Each structure stands twice: as structure tokens, then as C-alpha cells.
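Listed below, chain by chain, are the residues.
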Amino acid sequence: MSRGVKGAAIGIDLGTTYSVAAVWFQGKNRVEIIPNEQGNKITPSCVAFDDTELFVGEGAKNQITRNPSNTVFDVKRLIGSRFGDSRVQKDMESWPFKIIEGPAEKPTVVVEFKGEKRELAPEALSSMVLMKIKESAEEFIGTKVSDAVITVPAYFNDKQREATKEASTKAGFNVIRLINEPTAAAIAYGLDNMADKKWYKIDKNKNVLVFDLGGGTFDVSLLTVGKKGVVVKAVGGDTHLGGEDFDKTLVDYCIDKFKKQHGEVDIRGNPRALGRLKVACEKAKRDLSSTTITRIEIDCLYGGIDFSIKISRAKFEELNLTYFEKCIQLVEKCLIDGKMKKEMVDDVVVVGGSTRIPKVQRMVEEFFDGKKLCKSMNGDEAVASGAAILASRLSGNNGKIQDIVLIDVTPLSLGIEVKNMEGENGFMKVIIPRNTSIPTSKVEMFVSNENSTRAKIAVYQGESDRVKGNTLLSEFNLSGLTLGPNGTSKIKVVFDVDVNGILCVSAEEISTGQRKTITIAKT
Ligand code: AMP
């Protein structure tokens, strides 16, 4: 099938649970969602292995109950993380597949493929999903596709962004931009709200809050959408808060019920039972968005025993209330960061599959004093659509919105480790505060320690004033410094963040010109 889009660049929403890809058709002046080989618009971000075959997408999702220990999902919660991270450890309890600590502390998934043990990094698994998307895109568009805009949660740190970029490159994509998911949704919203879908017809700036609650992550962004384009004021969120957590509370609840009904049997050690329970709980959760009561029923769940319980919407809401409240607190914080009162928000746009939960919608509406939520955009498609519009613009194909400006921000503060007044190490000196518009460049001067020919530059990301509460992005030594008393060498440290949100740090001794640069992205 040839649709004849020359040099197509696509937008990809690489989700925790599902991924979506889209393309802007210039001739038709609109975005189209790229269907997968089954003709569906969303593709499970799932990979499965068996004795003969590799399955990606829907084929893989179908394996969860049949072949649970070799069916991998939720990779987005692993990408750019360390094996020892407490959240990875906690997630592992409920995953039926095995994870070990791989090189560079990477959480590495162990599967059996064609009778052999394989160890796979999260980047490799994500690239398999992306390759499948690439195939579908080329089939749909009718040309080779390599340029892509890939979306990431606004709250992803530098390591998570870099790992996502690596996965995309591995899949054969040339990543023309990484863009924050809510910003992509705002671009789609901008186009959706224009008269005749022409951006330049927007007559008034609108303050928009995008509330994006997906499968694995929660993002909130405060933006101004207007004639000139999209300007992000502030972002916030949690990269470990989403539908998977709600499923997990239900799974835990069922495990406890099963234990109570049948003595001290814990099904946690049984991947097949766990896989089947997860599928049933996710389905029950979805049902509860449209009915107030449902049943979870599984034949022969464990040791030949059937499992059956009734669960009400009220119970589901009670089990997950702390998570829902956390979302509202993050909205509040984002408004404070963006220096905006909630009354000044013109539209609250909800995207992401988990915003279908009635309680979540109600809580957001109540927070905004009864404001009706903007649900006009398809929550599954908005992020990919925005990315496709940007992809087309960046590759010079999009006549209508060619001049649109897009200004994003850094989600987390960036800085280096310094001593406090008492000379103790371990303190964070922020060089680029969170929510600074990007691209940006900041310079800071430091002095060397007494009689030291080396200075260690340790780069961190996060909001804690102690570095141990933040993420270490990289460290390096600037050597050959001039010897002398405290402060003999003056060191200029430069932080540059590019349009993708990726950081490059350089340090230079002023007197000698001794210089060292690292791109955190490449470490
Ligand atoms: P996304 O990452 O935006 O694709 O969202 C996927 C998440 O949305 C998964 O955790 C789904 O279980 C969840 N989801 C999809 N539809 C519903 C629904 N009707 N009610 C509750 N959660 C849903």
C-alpha cells in the first residue's frame, strides 16, 4: 500500500503498557494513527520468547498466561534505572519474569529463547517494540521510515532519556527529538483547538494543564498554548505511578483473599498464577470504570483451586486512594512551580488510559472547583499525534505549523556535589534549577581544594539538598590543577542542556586552560 508521503518522519508514544505511532499527512493536512499488523491503533509494549519464535505486541501479550516467565512487559519502568533501586526491587515482586543485576548495575531480564538462556537489557527489549512499530509504519506509509520524534514522560531523568534514545537508535530510528509526553499532548490540543485546524488562527493565549496518567507514569504539565506555539511553564510527576500500580494493589488484595480462603498459600512464587491474576485484575479495573461492581474469576488458579471474588468500585478506589491523592498533590506542586493559581487555568486536558477511572476524573474536577475536564482528544492517541506533528515540522514537511515555537523545560534540578561551610562533602549545588526553559547554558565558578591537583566533578539530578537523595548522572576528574593554597585554581563549570533535555558538562581551569567535557548522554 503506498500513501506516498515523501521522507516521512513519525511520532512515537512508547508507553509502559501500550505504544502508539502516528504520521502527519501533509496532503490531507491531518495526523493519522499508524495501525499495527492486526489493524489496531495501539500495540502492547510487550515482548515474548518461546522455543521457536519471538513475539512482539499483541502476539506477545497473548503469551502472558501461557508462557509467563518469558513474556516481558513494563520495560519502561526499568529503562535507565539501576537494579538496586527500591522501586525496581518492589516491581520485581509482582512480575512473573526474572530480573538480575547486569553490567553497569542495569536490571537485566533473563528469558529462555529457542532453548537457550538470554540476558536482555531494557534498551534491547524496548528496541524490539520499536522495530515492530517501524515495520508497521513503513507498511502503512509506503516508504522507508527512519526519522522519529519519541515521547518520554516529562519527569524522566537524564539516564532514562538517554536509554530511550539508545533503544530507538538500536531499532534503526534517527531520533530527531525526544519530547515530553504532556508537551506532545499540548501540541495535539493546540491543533485541535484552532479554527480550521490552522494554528495561526488561535487568537488568545490559553493556560492549559495536561494531566497524563498512563500505565506506568504520571505526568503533569502546565503550558501556555497560543499563536506563537507551546511554552511549557512547569512540569511535575512520578515515573512510577500509573495503571500498573493500581493493578498491583488489586493483585495483592486477591493474593491476601486467596490466602485467607485457603490457608497460608502464597501464589507469589508461581509465575503462571501471578500472570493470570494480573490479567484478570487489569480487566476488573477497566470494568470498574464503567460498572460499580465486578467479579474476578480464575479456574485452577493455584494447586487446582479456583478463585472467585466480587470487587466493588468503592473498594478499588479505597485501595488506590493514596495514589490518586499523590496525583493531586503533584498537580498542586506544578501550579506552584509555574507560579499560577488554579483559577488561571483555562483548560484541564486529560490523557492516558488511567484517566478513564471515574474517581481520578472526579478528584481532578473537584480540585479545579468543578471545572469540566477537556476530554475531546483521544487519550490514547493525543501524545503520538503531537509527536507526529512535531516530527513533520522538524523535517520541514509541515507547511501549516512550520513556524510554531516549542519551548520545554528541564523536569529536575541539575547540579554538582560540593562541600558545606564546615567542609563536609555530600551537598548539592544546583546549577540549573528545575523548570528552566531549554535549551539552556549556565556557568558557575568554583575554586580548588588546598594543595590538590585534581578536582572531582560529580553531576547529580534531583531536588534534595544532599546528593545521596538525588541521581548521580556521572562524575569525572579535572587533573593537572595548579598546586597552592585553597582556591589557587579557579574552575569554570558549564552545564548545557540541549533541546532533547540531555545534559553536557564541561569543566576548565581558567589559568591553565586545562579542560574536560562530558556529555552525560554518552556516559
Ligand atoms: P496508556 O499508558 O496511556 O496507554 O495507559 C494504559 C493504562 O491505562 C493501563 O494501565 C490500562 O490498564 C489503563 N486503562 C485503560 N483503559 C482503562 C479503563 N477503562 N479504566 C481504567 N484503566 C484503564
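The following refers to the structure shown. All of these numbers come straight from a predicted model, not from anything done at the bench.

## Overview of the nonpolar core
Membership of the largest hydrophobic core comes to 51 residues, with the highest contact counts inside it found for Ile10, Ile12, Phe49 and Ile141. Among the elements that take part in this core, helix H3 (residues 122-141) stands out by supplying nine residues, more than any other.

## As for the pairing of strand S12 (residues 174-180)
Most of S12 is tucked away, with five of its seven residues classed as buried. Relative to S12, strand S11 (residues 147-152) runs parallel, the two being bridged by six bridges. Paired with Val149 across the bridge in S12 is Arg177. In this fold, S11 hands off to helix H4 (residues 158-170), which returns the chain to S12; that crossover is right-handed.

## Concerning the sheet that holds strand S20 (residues 414-418)
Taken in spatial order, the four strands of this open sheet run S21-S20-S24-S25, and their pairing is antiparallel. Strands at the two margins of the open sheet, each flanked by one partner only, are strand S21 (427-432) and strand S25 (471-478). Neighbour-to-neighbour, the strand axes of the sheet open up by a mean angle of 30 degrees, direction not taken into account. The pairing of S20 with strand S24 (residues 455-461) spans three bridges and is classified as antiparallel. Paired with Ile416 across the strands is Val459, a residue of S24.

## Quick word on the packing of helix H6 (residues 243-262) against helix H7 (residues 271-287)
Look at H6 against H7: their axes get within 9 Å of each other, and the N-to-C directions meet at 115 degrees. The element H6 and its partner H7 pack so that their crossing is right-handed. When H6 is examined against H7, the residues Gly243, Glu244, Phe246, Asp247, Leu250, Val251, Cys254 and Ile255 are found in contact with a partner set consisting of Leu274, Leu277, Lys278, Cys281, Glu282 and Lys285. Taken together, the residues that form the contact of H6 with H7 break down as eight nonpolar, one polar and five charged.

## As for the sheet that holds strand S8 (residues 98-101)
Hydrogen bonding along the main chain pairs the strands of a sheet, whether they run parallel or antiparallel. Pairing in this open sheet of three strands is antiparallel, and the strands run S8-S9-S10 from one edge to the other. With one partner strand each, in any of the chains shown, S8 and strand S10 (116-120) form the two edges of the open sheet. Each strand axis lies, on average, 35 degrees off the axis of its neighbour in the sheet, ignoring direction. When S8 meets strand S9 (residues 107-113), the two strands line up antiparallel, connected through four bridges. Along S9, the bridge assignment pairs Ile100 with Thr108. Most of the contacts of H3 go to S10, to which it runs at about 95 degrees, and overall it touches S9 and S10.

## Digging into empty space enclosed by the protein
Going through the model one piece at a time under the given rule, you end up with six cavities of 30 Å³ or more. Considered as a void within the structure, the largest cavity measures approximately 140 Å³ in volume. Lining the largest cavity are 13 residues, with Ser94, Trp95, Glu244, Lys248 and Lys278 positioned closest to its centre. Of all the elements in the fold, those that place two or more residues in the lining of the largest cavity are helix H2 (86-94), H6 and H7.

## With respect to the site of the ligand
The full set close to the ligand counts 14 residues, and Gly215, Glu282, Lys285, Ser289 and Gly353 are the nearest of them. One nitrogen or oxygen atom from the side chain of Glu282 is found 2.4 Å from an oxygen atom belonging to the ligand. A distance of 3.4 Å separates an oxygen atom of the ligand from a polar atom in the backbone of Ser354. Among the elements that take part in the shell around the ligand, H7 stands out by supplying three residues, more than any other.

## Some remarks on the pairing of strand S3 (residues 30-33)
Of the strand pairs in this sheet, strand S2 (residues 18-25) and S3 are connected by four bridges, and their pairing is antiparallel. Bridging from a neighbouring strand, Val23 pairs with Glu32 of S3. Counting the residues between successive antiparallel strands, the hairpin from S2 to S3 contains four residues, one of them, Asn29, with a positive phi of roughly 60 degrees.

## Some words on the packing of H3 against H4
In contact at an axis separation of 8 Å, H3 and H4 are set at 50 degrees when each is read in the N-to-C sense. The orientation of H3 relative to H4 falls into the category oblique. The way H3 lies across H4 gives a crossing that is right-handed. Counted together, Glu123, Ala124, Ser126, Ser127, Leu130 and Met131 of H3 and Ala163, Glu166, Ala167, Ser168 and Lys170 of H4 form the full contact between these two elements. Within the contact of H3 with H4, the residues separate by chemical class into five nonpolar, three polar and three charged.

## Some details on the layout of surface pockets
When its volume is computed, the largest pocket comes out at roughly 1200 Å³. Lining the largest pocket are 41 residues; nearest its centre among them are Gly80, Ser81, Asn157, Lys159 and Thr471. Among the secondary structure elements, those contributing two or more residues to the lining of the largest pocket are H2, H4, strand S15 (229-238), helix H8 (313-337) and S25. Per element, the largest residue contribution to the lining of the largest pocket is six residues, and it comes from H4.

Conventions and cut-offs
- Once a new chain begins, its residue numbering starts again from 1 and follows that chain's sequence as written.
- For a predicted model such as this one, the threshold for reporting local features is a pLDDT of at least 70, and the threshold for listing and counting side-chain atom pairs is 80 or more; totals across whole chains, interfaces and linings nevertheless cover every residue.
- The basis for the side-chain values is all heavy atoms of the structure; hydrogens and waters are excluded.
- What we call a nonpolar core is a set of buried Ala, Val, Leu, Ile, Met, Phe, Trp, Tyr and Cys residues that are connected through their side-chain atoms within 4.5 Å.
- Burial classification: accessible surface area is computed with a 1.4 Å probe over protein chains only, and a residue below 20% of its type maximum counts as buried, one above 50% as exposed, and the rest as partly exposed.
- Here a strand is any run of E in DSSP of at least two residues, a helix any run of H or I of at least four, and the numbering for each starts at the N terminus.
- Two strands qualify as a pair provided DSSP detects at least 2 bridges between them.
- With the strands pointing away from the viewer, any crossover whose connection runs clockwise from the first strand over the helix to the second is right-handed.
- Geometry is summarised by axes, namely lines fitted to C-alpha atoms with helices restricted to the contacting stretch, and by angles between N-to-C directions that run from 0 to 180 degrees.
- If you view the pair so one helix is near and one far, a crossing is left-handed when the near helix is turned anticlockwise from the far one by less than a right angle, and right-handed when it is turned clockwise.
- By definition, residues are in contact when any of their heavy atoms lie within 4.5 Å.
- Residues are sorted three ways: Asp, Glu, Lys and Arg are charged, Ala, Val, Leu, Ile, Met, Phe, Trp, Tyr, Cys and Pro are nonpolar, and all the rest, Gly among them, are polar.
- Only protein atoms enter the 1 Å grid, on which a cavity is a set of points fitting a 1.4 Å probe that cannot get out and a pocket is an open set with protein on both sides within 12 Å along at least 5 of 7 lines, lining residues being those with an atom within 4 Å of a point.
- Grid points are joined across faces, edges and corners, and a volume is the space filled by probe spheres set on the points.
- Proximity is defined per residue: if any heavy atom of the residue lies within 4 Å of a molecule or strand, that residue is considered near it.
- Distance and chemistry together define a polar contact, namely a pair of N or O atoms within 3.5 Å, with one atom able to donate a hydrogen and the other to accept it when in protein, and with adjacent residues in sequence counting only for side-chain atoms on both sides.
- Here the angle decides the label: under 35 degrees means roughly parallel, over 145 means roughly antiparallel, 65 to 115 means roughly perpendicular, and every other value means oblique.

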